Amino acid sequence: HHHFAPPAWVSEVRGRPLLQPANTTWTPEETIDDIVTKPDVSVRAWALNLRGIHLARQKRYDEAIASYDHAIKLDGRLSNAYLNKGNIAASRGDHVTAIALYKKAHAVEPNYYLPLNNWGALLADLGEYAEALIRLQQAIHLDPKQVLPYGPIGALWDKMQDLERA
């Protein structure tokens, strides 16, 4: 059985260093209330996103979603927060919500390959091979140096060849 989905927290990949404000700091004991006192809105939004990732890694998914939602409320262009929220939905089997969130992440940051990668990998898992291939190829086109899309796309080619032979 092919499993195409990327690791769930792949979404914080390399911390998006170019988009993350340089002075974003966050420590595990900080709550949403602590973070919202920071002076810069984009720093607050990123800190909330990082807090969400930390909580999700601890399987504290509802708290993570609250953190992502707050980040989105502060900065509706923070594709990473939609993406991370989508990963939780995907891990819970809520594929409709996951795909909607990956689409939103892609819409707000069209040059970021990861929403397309996760969207494509999820579609492949759901057996939507033709569209999955399109999304994964788009991801590779945006950032050919990133290795993540190549795993699912390779598995997808194998799977499609198996289907043709069947």
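## A look at the overall build of the protein chain
- The secondary structure content of the protein chain amounts to 8 helices and 0 strands.
- Each helix and strand of the protein chain, placed in order from N terminus to C terminus, yields the pattern α-α-α-α-α-α-α-α.
- Split into buried and exposed, the 166 residues of the protein chain put 49% on the buried side.
- Taking contacts inside the protein chain between residues at least 6 apart in sequence as the whole, the part at least 24 apart equals 55%.
- A total of about 8500 Å² of accessible surface is found on the protein chain, and carbon and sulfur atoms cover 55% of it.

## Quick notes on the confidence of the model for the protein chain
- Scored by pLDDT, the protein chain comes out at a mean of 82, with 83% of its residues at no less than 70.
- Considering each helix and strand of the protein chain separately, the mean pLDDT is smallest for helix H1 (residues 32-35), with a value of 76, and largest for helix H5 (residues 95-108), with 96.
- In this model, residues 5-18 is a region of pLDDT below 50 whose contacts with residues beyond four sequence positions or in other chains number 37 contacts.

## Looking at the environment of alanine 71
- Assignment of secondary structure puts alanine 71 in helix H3 (residues 61-74).
- The sequence separation of alanine 71 and tryptophan 46 amounts to 25 residues, and the corresponding C-alpha distance is 6.9 Å.
- Those residues in contact with alanine 71 that lie beyond four places of it in its chain are Ala45, Leu48, Asn49, Leu78 and Ala81.

## Some remarks on the packing of H3 against helix H4 (residues 79-91)
- With their axes 9 Å apart at the nearest point, H3 and H4 run at an angle of 155° to one another. Comparing the axis directions of H3 and H4 gives the class roughly antiparallel. In the packing of H3 onto H4, the handedness of the crossing is left-handed. Residues Tyr61, Ala64, Ile65, Tyr68, Asp69, Ala71 and Ile72 of H3 form the contact with H4, whose own contacting residues are Ala81, Tyr82, Asn84, Lys85 and Ile88.
- Classifying every residue of the contact of H3 with H4 gives 9 nonpolar, 1 polar and 2 charged.

## Examining the packing of aromatic side chains
- In this structure the tally under the stated criterion is 1 aromatic pair.
- Taken together, a centroid distance of 6.2 Å and an interplanar angle of 85° make the contact between tyrosine 112 and tyrosine 113 edge-to-face. Tyrosine 113 shares its class with tyrosine 112; the two are buried.
- Above the plane of the ring of tryptophan 119 lies arginine 135, whose end atom (NZ or CZ) is 4.2 Å from the centre.

About the cut-offs
- Residues numbered from 1 in each chain as written.
- Predicted model: local features only at pLDDT ≥ 70, side-chain atom pairs only at ≥ 80, totals over all residues.
- Heavy atoms only, no water.
- Helix = DSSP H or I, 4+ residues; strand = E, 2+ residues; numbered from the N terminus.
- Buried < 20%, exposed > 50% of the residue type's maximum accessible area, 1.4 Å probe, protein only.
- Contact = heavy atoms within 4.5 Å.
- Areas by Shrake-Rupley, 256 points an atom, 1.4 Å probe, with all protein chains shown as cover.
- pLDDT = per-residue confidence, 0-100.
- Axes fitted to C-alpha atoms, helices over the stretch in contact; angles between N-to-C directions.
- Parallel < 35°, antiparallel > 145°, perpendicular 65-115°, else oblique.
- Left-handed = near helix turned anticlockwise from the far one by under 90°.
- Nonpolar A, V, L, I, M, F, W, Y, C, P; charged D, E, K, R; others polar.
- Phe/Tyr/Trp six-rings, centres within 6.5 Å; stacked < 30°, edge-to-face > 60°.
- Lys NZ or Arg CZ within 6 Å of the ring centre and 35° of its normal.

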